[in-house]
Amino acid sequence: MDSSPAKVMSTRRGYRLSRTALVVALPAALVVQTWGSIKDWRSQFLRQPLSATLGQPIDYAGASWTVTRITRLAGSEGNAVVLAEFEALAADPKALGAVPCKVRLSDGSGREWQPTLFADPMVRKQYPEAQQRSLCGGMAFAAAEPGKPARMAASFSIPPAASSLTLWIALYSALPNHLSVSEPRT
């Protein structure tokens, strides 16, 4: 076995070089591997709202969006129901229909609600046309006729005491921007 000082120095140098390369390569590999997750996380938490007013159109994600109604109704089982209706006039509805869309409702204390899958009986009774509308995204744009807006609706089951409600509409292609429309003050 050759244990000359030159051989020992060469082995130590190779060891240090390998260790340094590992210190650089391992974090780089982790960043590359998790970049999509980091991007998704960032888009969920670092948001830039485009504030709109109820009934007024605003340009967002390649369409002119209008929130036409945010109505609070007495719901079943001690909850309140909020019906939000909105529409988007897109230059290219098919392209916009391929983009995932998320709708949610929040209150002044930071609580958030996702749309309910089935509309509350009060919504079906008082606003039957809203039940026929799609939630935000694909199907609504696929059904839109050229030059006509895609009409959408979402209902939310919330605690009756929730106040200062804000409707959020986000298309993934436009993140971190999203639409923000506050409930009308009564």
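Analysis parameters
- Residues numbered from 1 in each chain as written.
- Predicted model: local features only at pLDDT ≥ 70, side-chain atom pairs only at ≥ 80, totals over all residues.
- Heavy atoms only, no water.
- Core = buried A, V, L, I, M, F, W, Y, C linked by side-chain atoms within 4.5 Å.
- Buried < 20%, exposed > 50% of the residue type's maximum accessible area, 1.4 Å probe, protein only.
- Helix = DSSP H or I, 4+ residues; strand = E, 2+ residues; numbered from the N terminus.
- Disulfide = S-S within 2.5 Å.
- Patch = residues over 30% accessible without salt bridge, like charges linked within 9 Å, V, L, I, M, F, W, Y side chains within 5 Å.
- Areas by Shrake-Rupley, 256 points an atom, 1.4 Å probe, with all protein chains shown as cover.
- Salt bridge = Lys/Arg side-chain N within 4 Å of Asp/Glu carboxyl O.
- Lys, Arg positive; Asp, Glu negative; His and termini not counted.
- Charge placed at Lys NZ, Arg CZ, Asp CG, Glu CD.
- Pairing = 2+ DSSP bridges.
- Axes fitted to C-alpha atoms, helices over the stretch in contact; angles between N-to-C directions.
- Contact = heavy atoms within 4.5 Å.

Peer 1: With reference to specific residues and values, describe the nonpolar core.
Peer 2: Formed by 37 residues in total, the largest nonpolar core has its most connected members in W65, F86, F156, L167 and I169. Looking at this core, the elements with two or more residues in it are β2 (58–60), β3 (63–74), β4 (80–90), β5 (101–106), α5 (138–143), β7 (150–158), β8 (166–171) and β9 (177–182). The element contributing the most residues to this core is β4, with 6 residues. Counting residues in hydrophobic clusters, the runner-up holds 7 residues, among them V123, Y127, A130 and A153.

Peer 1: Outline the state of the cysteines, supporting the account with residue identities and numerical values.
Peer 2: Note on terminology: a disulfide is the covalent bond linking the sulfur atoms of two cysteines. Tallied over the entire structure, the rule returns 1 disulfide. The disulfide that involves C101 links it to C136, with 1.7 Å between the sulfurs. Looking along the S-S bond of the C101-C136 disulfide, the torsion reads about 75°, which is the right-handed sense. Here C101 is found in strand β5, whereas its partner C136 is found in the loop between α4 (128–131) and α5, with 35 residues between them in sequence.

Peer 1: Help me get a handle on a positive patch on the surface, residues and values and all.
Peer 2: The grouping of R12, R13, R16 and R19 at the surface amounts to a positive patch. Tracing the backbone through its elements, the reader meets R16 in helix α1 (residues 5–45). Classification of R16 as partly exposed rests on a relative accessible area of 46%.

Peer 1: Lay out the sheet that holds β4 in plain terms, naming residues and giving numbers.
Peer 2: One open sheet accounts for 4 strands, arranged β2-β3-β4-β7; its pairing is antiparallel. Looking at strand neighbours, the two that pair on one side only are β2 and β7, the edges of this open sheet. Across the sheet, the mean angle from the axis of one strand to that of its neighbour is 35°, orientation sign disregarded. As paired elements, β4 and β7 share 9 bridges and run antiparallel to each other. Across the sheet, the residue bridging to A88 is A150, located in β7.

Peer 1: How would you sum up the side chain of S180? Please name residues and give values.
Peer 2: If you trace the backbone, S180 turns up in strand β9. The contact partners of S180, leaving out residues within four places of it in the chain, are P49, L50, S51, A52, T166, L167 and W168.

Peer 1: Would you mind going over the environment of S51 in detail, with residue names and values included?
Peer 2: Considering the arrangement of structural elements, one finds S51 in strand β1 (residues 48–52). Distance from S51 to H178, taken between C-alpha atoms, is 8.5 Å for residues 127 residues apart in sequence. With residues near it in sequence (within four places) discarded, S51 still touches I58 and S180.

Peer 1: Provide a residue-level description of the sheet that holds β9, including the pertinent values.
Peer 2: The strand order across the open sheet formed by 5 strands is β1-β9-β8-β5-β6, and the pairing between neighbours is mixed. With one partner strand each, in any of the chains shown, β1 and β6 (112–113) form the two edges of the open sheet. Sheet topology note: the β5/β6 ladder contains 2 bridges and is antiparallel. Its bridge partner lying in β6, L105 is registered against W113.

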